[in-house]
Structures are given as structure tokens and as C-alpha cells.
Amino acid sequence: MIFTKKVKQTIAILATILIVFTVIVFVIPFHKGGTFWIAYLAELVAIAAQIPIFKLAYDNAKDLKSRVLGFPIFRVGYLYLVIQTVASVILFVLSGVIAKFPVWIAVIVCLVILAFALVGSIATDIAREEVERIETTIAVDTAWMKQMRVRSAQLVTKAKDDTQRKMLEQLAEDFRYSDPVSHADLKAIEGDIEAVFQNLEQILASGGDPAASVEQTKQLLAQRNTACKLMKN
């Protein structure tokens, strides 16, 4: 298994916590019965669990946004460690104060804490994946409009006179303020817009009159935007 630098640093921190915790609980004269060993073992599990939780949170993080989305998973991990540490200390004390403290209580307490940690980590990871999936989908859905905005803005530079420039600037504005999100049901009309727009680019390149193609593009774009509004209602 290959560990990254951050994971190695995390292991070093956890090893320090383990050593300090172990020294303290064995120096203090706690009653070393069944409850003590269950609570101590649960603490070891909580410390060891921080490594896979940390890797789950940050190993696949490619950018700042991924790291931010991974923080809730990391938070579940350290909260689990803190809660288990507190619970273990309480169980140490109770096992010495109460004669024949029920071992089954210690088992249930530690298992419940572990269960909540596992469920929390998995649920948070699922939520992160869903957020990333939605963001990826939105990025793909807006790609067509972003491209059309760039292409329409470039057409303005090809205008031969003020009349054409104003006409093309208005078309670029129409693209700019159109709904950026595409949809499968819009593919047909977007295909029509693409075809008319390509014809417009060819007309400008050949020095022809773009007025008819500009008007046709504006009408199709208006139809697309109307369809977008209807789909959201």
C-alpha cells in the first residue's frame, strides 16, 4: 500500500495520540477488568479508523473544491475519535467505581459509536459524490451555450459596417442572456440553431448580407428559451 505524504503525517499524529493515550490509561490505576479492555480496544479501533477515513476524504481530491467536499467526511472521523475517547474514559472510571460493572453496556456503547461513525462516513461520501455528479452534469449541459456565446461574440469583429455591427452585437446579447443549461429535449432546436449559425458564419466570411440569417437565428433562439421556461414550470 502506497501512502501519500499527508497520510504519513496523519499516521504520525495518530501514533502520537495512541502512545499518549496508552501511557495515561496505564499509569492511572484504572481497574483492568473486561470493561477496561473493551473500552481500550474500541479506542484503538477509533484511532486506526482515522487512516481509511482520511484516505476516503482526500485521496481522490483533485482540486480545492474536492478537498472542501471531503472535509465533512474528515469531520465525521475526528468526531468519532473524540466521542470514543470520552466514552472510553467514562467507561474506565465507571468500571472502577461500580463493582461488577456490566461488560455488555461497554460493548453496546462502543458498537453504537462505531456504527454511527461508519454510517456517517458512508452517507457523507455518497452526498459528496452526488454533488460532484450534479456539478459535472451542469458543466456538460452548459457547454453548448458557452461555446455559442464565444462564437457570437467573435462574429462582431467580422462586421463590415456599423449596421452589421449593431445587428451582430444584439445577437451576441441574445446568446449572452439565454438560459445556459441545455437538455435532451432541446437538442433538436439547438441543432437547428447550430446549422443556421454556421450558415451565418459562412455568409460573413464570404462578404454577404447576414441580416436574414441573424433574424432566423434570433427566432430559433427565442423558441429555445421559451421551451426552457416551459420545462422549468
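The shown structure was predicted, so the numbers you read here are calculated from the model rather than taken from an experiment. (Residues numbered from 1 in each chain as written. Predicted model: local features only at pLDDT ≥ 70, side-chain atom pairs only at ≥ 80, totals over all residues. Heavy atoms only, no water.)

**Points about the overall build of the protein**
- On a plain count of helices and strands, the protein comes out with eight helices and zero strands.
- Secondary structure of the protein in N-to-C order comes out as α-α-α-α-α-α-α-α.
- Looking at the protein as a whole, 35% of its 233 residues are labelled buried.
- Sequence separation of 24 or more characterises 75% of the internal contacts of the protein that already satisfy a separation of 6 or more.
- About 13,900 Å² of surface is accessible on the protein, with carbon and sulfur atoms providing 67% of the total. (Helix = DSSP H or I, 4+ residues; strand = E, 2+ residues; numbered from the N terminus. Buried < 20%, exposed > 50% of the residue type's maximum accessible area, 1.4 Å probe, protein only. Contact = heavy atoms within 4.5 Å. Areas by Shrake-Rupley, 256 points an atom, 1.4 Å probe, with all protein chains shown as cover.)

**Comments concerning the packing of helix α6 (residues 162-176) against helix α8 (residues 211-232)**
- Close contact between α6 and α8 brings their axes to 11 Å; oriented N to C, the two are set at 15 degrees. Accordingly, the angle class assigned to the pair α6 and α8 is roughly parallel. Where α6 crosses over α8, the handedness of that crossing is left-handed. Seen from α6, the contacting residues are M167, L168, Q170, L171, D174 and F175; seen from α8, they are A211, V214, T217, K218 and L221.
- Of the residues in the contact of α6 with α8, the class split is seven nonpolar, two polar and two charged. (Axes fitted to C-alpha atoms, helices over the stretch in contact; angles between N-to-C directions. Parallel < 35°, antiparallel > 145°, perpendicular 65-115°, else oblique. Left-handed = near helix turned anticlockwise from the far one by under 90°. Nonpolar A, V, L, I, M, F, W, Y, C, P; charged D, E, K, R; others polar.)

**Notes on a nonpolar patch on the surface**
- A grouping of Y78, L79, V82, I83, V86 and I90 is seen on the molecular surface, where their side chains present a nonpolar patch of about 500 Å² in accessible area.
- One can find V86 in helix α3 (residues 64-97).
- Residue class for V86 comes out partly exposed when judged on its relative accessible area of 46%. (Patch = residues over 30% accessible without salt bridge, like charges linked within 9 Å, V, L, I, M, F, W, Y side chains within 5 Å. Salt bridge = Lys/Arg side-chain N within 4 Å of Asp/Glu carboxyl O.)

**What about the side chain of Q164?**
- Examined against the element boundaries, Q164 turns out to sit in helix α6.
- Not counting the four nearest positions on each side in its chain, Q164 is found in contact with K158, A159, L204, G208 and P210.

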